[in-house]
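# A closer look at the structure
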Amino acid sequence: MSAIAALTLIGVTTAACVTATQQKENMLSAAGFQIRLADTPAKIASLQSLPPHKFTVQNQNGQPVFLYADPTVCGCIYYGTQDNFAAYQQMVFQQQLASEQQITAMMNQQMAFDYGPWGGPFIPY
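Treat the numbers as computed from the prediction; the structure is a model and nothing was measured.

What counts as what
- Residues numbered from 1 in each chain as written.
- Predicted model: local features only at pLDDT ≥ 70, side-chain atom pairs only at ≥ 80, totals over all residues.
- Heavy atoms only, no water.
- Disulfide = S-S within 2.5 Å.
- Buried < 20%, exposed > 50% of the residue type's maximum accessible area, 1.4 Å probe, protein only.
- Helix = DSSP H or I, 4+ residues; strand = E, 2+ residues; numbered from the N terminus.
- Contact = heavy atoms within 4.5 Å.
- Pairing = 2+ DSSP bridges.
- pLDDT = per-residue confidence, 0-100.
- Axes fitted to C-alpha atoms, helices over the stretch in contact; angles between N-to-C directions.

### Some details on the state of the cysteines
- Within the structure shown, the criterion is met by one disulfide.
- Bridging Cys-74 to Cys-76, the disulfide has an S-S length of 1.7 Å. Of note, the bridge from Cys-74 to Cys-76 carries an S-S torsion of about -65 degrees and is left-handed in sense.
- Of the residues examined, Cys-76 reaches a relative accessible area of 1% and is grouped as buried.

This is how it looks when you write it as structure tokens:
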């Protein structure tokens, strides 16, 4: 659990440098998803048949396989198990929690601001 929190913290601190899609794919890798490049015409066609940057679930040998197609950044498919998907969801939750805590801290800091010298509230109308 602490490894997930550490990875989430790293992800949050580097979020300004990484696009949302790249950040999502970093978390997929950290959660144990494997990558297969679309390096043949058949794989490219198969990749394009999936919704881009969304999860789909397929059945393989009676087990769910979670697929995430990325035709734009890596030209690949991320694939993983139910456990990988659960780990990814936990990372997303931890990232959202960290973002909410950061917003709360900023709001608390702003509440301590003395508006008096500025002549009133700063409320846009």
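After that view of the structure, there is still more to cover.
### Brief notes about the environment of Pro-71
- Note that Pro-71 resides in the loop between β3 (63-70) and β4 (76-80).
- Using a relative accessible area of 35% as the deciding quantity, one classes Pro-71 as partly exposed.
- Placed 33 residues apart in sequence, Pro-71 and Ala-38 show a C-alpha to C-alpha distance of 8.4 Å.
- Discounting residues that sit within four places of it in the chain, Pro-71 has contacts with Leu-47, Pro-52 and His-53.

### Side note on the pairing of β3
- Of all the eight residues making up β3, six are buried; the element is thus mostly covered by neighbouring parts of the structure.
- The pairing of strand β2 (residues 55-60) with β3 spans six bridges and is antiparallel. Its bridge partner lying in β3, Val-57 is registered against Phe-66.
- Linking two consecutive strands that pair antiparallel, namely β2 and β3, is a turn of two residues; a positive phi of about 55 degrees is found at Asn-61 within it.
- Where β3 hands over to β4, the hairpin turn is made up of five residues, of which Gly-75 adopts a positive phi near 60 degrees.

### With respect to the confidence of the model for the protein chain
- Taken over all residues, the pLDDT of the protein chain has a mean of 82, while the share at 70 or more is 74%.
- When pLDDT is averaged over each helix and strand of the protein chain, the minimum, 51, is found for helix α1 (residues 2-13) and the maximum, 97, for β4.

### Observations concerning the sheet that holds strand β1 (residues 34-37)
- Strand order in this open sheet of four strands is β1-β4-β3-β2, and the pairing throughout is antiparallel. Where the open sheet ends on each side, the last strands, each with one partner, are β1 and β2. Averaged over all pairs of adjacent strands, the angle between strand axes in this sheet comes to 30 degrees, irrespective of strand direction.
- Against the sheet, helix α2 (residues 20-30) engages β1, β2, β3 and β4, with an angle of about 150 degrees to β3.

### Observations regarding the environment of Ala-87
- Along the chain, Ala-87 turns up in helix α4 (residues 82-111).
- Residue classification places Ala-87 among the buried residues on the basis of a relative accessible area of 19%.
- For the pair Ala-87 and Leu-28, spaced 59 residues apart in sequence, the C-alpha to C-alpha distance is 8.7 Å.

### So, unusual backbone geometry
- One non-glycine residue, His-53, lies in the positive phi region at around 55 degrees.
- Looking at the element boundaries, His-53 is found in the loop between α3 (41-48) and β2.
- His-53 gets classed as partly exposed once you look at its relative accessible area, which sits at 21%.
- In this structure, Asn-61 is a non-glycine residue whose phi angle is positive, near 55 degrees.

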